Amino acid sequence: MPGTARPKLGIVSGWSAGDDNWDVDMNANLNRLDALVMASVIDKDLNAPPGASDGDRYIVGPSPTGAWASKAGQIAAWESGGSVWKFYPAKNGWHTYVEDERARYIFHGTAWVKDTAWANVTAYASFQAAHDALPTLGGTVFVPAHGALGNYSHATVPAFAGSGATPALTITKPMILYGEGRDVAHLRDAGSGAENRDSIFINRSGGVEVRGLTIIGAPAAGTGNLIHWYKAASNMDGLLVEACSLNDAMAWAFKSVPDATYYTARLRMTDVLFGQSYVGGAQGGSGGSGSGDVLIGGGTATGSNNLWFTRCEFHGPGYGTFGPGGNLKGNVHLNQASVVVFSNCSAQGKDTSPFLSMENWCTMIQLRDFYSENLNVTGVTAYRIIYDSASGALDHFTVSAGSHFGSDATYGARFFKTGGTNNVMNVRFENVSLRVNEATVTATDEISLGNAGHQVSLDNVTVYSVQDGSRRAARVTGGGLQTVASASTLTLPNSLVPICKVSGTTTINSIGVTFPGDRVTLIFTGALTVSDGAGNIKLATAYNTSSDDSITLACDGTDWYEVCRSGAV
């Protein structure tokens, strides 16, 4: 029996076994599938059939002529085998991609209607117009490539126009801003104050993705940012920036600083290149004479958290100063942030700028498989990581499997520096290699602690000269040899240095315990007695000291036991 056309695509089926000529319908089926499955058409407005190649498809225009006459709205497909146009009437719900518009259309029973959830910038006057055309629930704005190299020019870009402080693109709806990875959206128009305007201003709490875009900033330094995430009186929660290149920021390539009682959270930046964010002369000025890569702030009542940077490359210098010591902000600056992870990232700074600077209660910060190279350091002591705060502590900061290279022939670049009077605790460097490119190593303390109470733990950390290959242990400075006053119960200083001086003449009966296996050497500046057995000190006999005498003790977690002493027992 002959086959029967199915109601949707018109595929013929239902032959009986042994039917003749079924191949004619089957060939038509395959042609129909090729024309309609995953359909895209070249154009949807033509009324006269153009010259065509095998497989070319069009939506016939509203007033068709010639071979297309009476086929308005149908999909026309050219089949070279028969040198004929085949026509397929659309059915409700069919959708197709219109190539010349870079837009998607859906057939709603009587007409083809553009799917505004996928907004194409070339169909609008600007990115802003495309965004504004989206429904309330948002959608996708696709940024196509332009020109032979896929770049916008500063004269033809339809998106970032205007002047003054008005952001070039303000996002207020959930959306994906999606490009082809090589598109360049400039902020270089001649309007007044262009350098003081954000390129992309995300004025909503979250639900936004920025993918595959390259953004280039203004030619002069200013206060504008390339991507600025901020919602007044609200938490910023949920933003993805992926496979983007952010170059020549006026102030910051990415900035998110919430209002006082709010926070920035769940930020993911993956495969982002922070290009040469260095404009307007020397970096570091508070008036916009330099630029940086990332600025994350925390409210005064809360801290920003859950920030992940994966396979990112940072190139920009620091911007402005911070902290009691007036240190320079880094390529990345964190203010009151917690649970921040840099994984497989690298940084190549310029001049005196650090890669990472932190202030005010920064906790749970991790650098994993991190590479840093400091460039163009001349006659300055440059540190790659700085903590300097007037309030709050740095707690649980870890660098694991890091490699750091200095490059200046006179000083070399340092690795870590603290400042201020607030706590630095639970800081750990694991499997870190520090190289100093110097013929003569002088003043090369790679880790410098600005306060006597600051703590750093080193595990398999080496410092060595590239010039002669000699290996050196990492030196930690800042605390120095501290002096504590004698007391019945002696309190040891919170220091990496297991030696301290003891002043005064008060008899010592006990010492505050630390941990099993800890050792301390006490050097006395005068005459006093260290008792045996009166408290938790276990000696061969009581120790009556003179100036410059010393004793070494080991702790089992409860008591202190004598190891050795100067002079006779």
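Residues numbered from 1 in each chain as written. Predicted model: local features only at pLDDT ≥ 70, side-chain atom pairs only at ≥ 80, totals over all residues. Heavy atoms only, no water.

### Notes on the sheet that holds strand S50 (residues 550–555)
So, point 1. Pairing is mixed across the open sheet formed by six strands, whose spatial order is S42-S44-S46-S50-S51-S48. Bordering the open sheet on either side are strand S42 (482–485) and strand S48 (537–538), each of which pairs with just one other strand.
So, point 2. Relative to strand S44 (residues 499–503), S42 runs parallel, the two sharing four bridges. The residue bridging Gln 482 from the neighbouring strand is Cys 500, located in S44. (Pairing = 2+ DSSP bridges. Helix = DSSP H or I, 4+ residues; strand = E, 2+ residues; numbered from the N terminus.)

### Let's talk about the pattern of salt bridges
So, point 1. Enumeration according to the criterion identifies nine salt bridges in this entry.
So, point 2. A salt bridge links Arg 211 to Glu 209, with the nearest nitrogen and oxygen atoms 2.7 Å apart.
So, point 3. Residue classification places Arg 211 among the partly exposed residues on the basis of a relative accessible area of 24%.
So, point 4. Connected via shared salt-bridge partners are Glu 209, Arg 211 and Glu 242. (Salt bridge = Lys/Arg side-chain N within 4 Å of Asp/Glu carboxyl O. Buried < 20%, exposed > 50% of the residue type's maximum accessible area, 1.4 Å probe, protein only.)

### Here we look at the side chain of Asn 360
So, point 1. Within the secondary structure, Asn 360 is located in the loop between strand S30 (356–359) and strand S31 (362–375).
So, point 2. Among the residues examined, Asn 360 registers a relative accessible area of 14% and is labelled buried.

### Describing the packing of aromatic side chains
So, point 1. In this structure the tally under the stated criterion is 19 aromatic pairs.
So, point 2. Look at Phe 397 and Phe 429: their rings are 6.3 Å apart centre to centre, the planes differ by 90 degrees, and that puts the pair in the edge-to-face class. Note that Phe 397 is positioned in strand S33 (residues 394–405) and Phe 429 in strand S35 (residues 424–430), a separation of 32 residues in sequence.
So, point 3. For Phe 397, a relative accessible area of 0% corresponds to the buried category. (Phe/Tyr/Trp six-rings, centres within 6.5 Å; stacked < 30°, edge-to-face > 60°.)

### A short note on the nonpolar core
So, point 1. Ranked by size, the top nonpolar core spans 70 residues in total, and within it Phe 309, Phe 314, Leu 356, Phe 397, Phe 416 and Phe 429 carry the most contacts.
So, point 2. Setting aside its immediate chain neighbours within four residues, Phe 416 contacts Tyr 383, Ile 385, Leu 394, Phe 397, Val 427, Phe 429, Glu 446, Ile 447, Ser 448, Leu 449 and Val 456.
So, point 3. Within the second largest apolar cluster, 19 residues are counted, among which are Ile 511, Leu 522, Leu 528 and Cys 555. (Core = buried A, V, L, I, M, F, W, Y, C linked by side-chain atoms within 4.5 Å. Contact = heavy atoms within 4.5 Å.)

### Some words on the confidence of the model for the protein
So, point 1. Across the protein, pLDDT averages 80, with 76% of residues at or above 70.
So, point 2. Confidence drops under pLDDT 50 across residues 187–191; counting only partners more than four residues distant or on other chains, this segment forms 23 contacts.
So, point 3. Confidence over residues 278–289 falls short of pLDDT 50; this stretch has 42 contacts with residues more than four positions distant or in other chains. (pLDDT = per-residue confidence, 0-100.)

### Structural notes on the pairing of strand S23 (residues 304–310)
So, point 1. Pairing of strand S20 (residues 264–270) with S23, which is carried by five bridges, proceeds in the parallel orientation. Residue pairing across strands places Arg 268 opposite Trp 308, the latter belonging to S23.
So, point 2. Note: S23 against strand S28 (residues 337–343), six bridges, orientation parallel. Looking across to S28, one finds that Leu 307 is bridged to Val 340.

### Overview of the environment of Tyr 230
So, point 1. Structurally, Tyr 230 is set in the loop between strand S16 (227–229) and strand S17 (236–242).
So, point 2. Placed 25 residues apart in sequence, Tyr 230 and Lys 255 show a C-alpha to C-alpha distance of 8.3 Å.
So, point 3. Residues within four places of Tyr 230 in sequence aside, it is in contact with Phe 201, Ile 202, Asn 203, Arg 204, Met 236, Val 257 and Asp 259.

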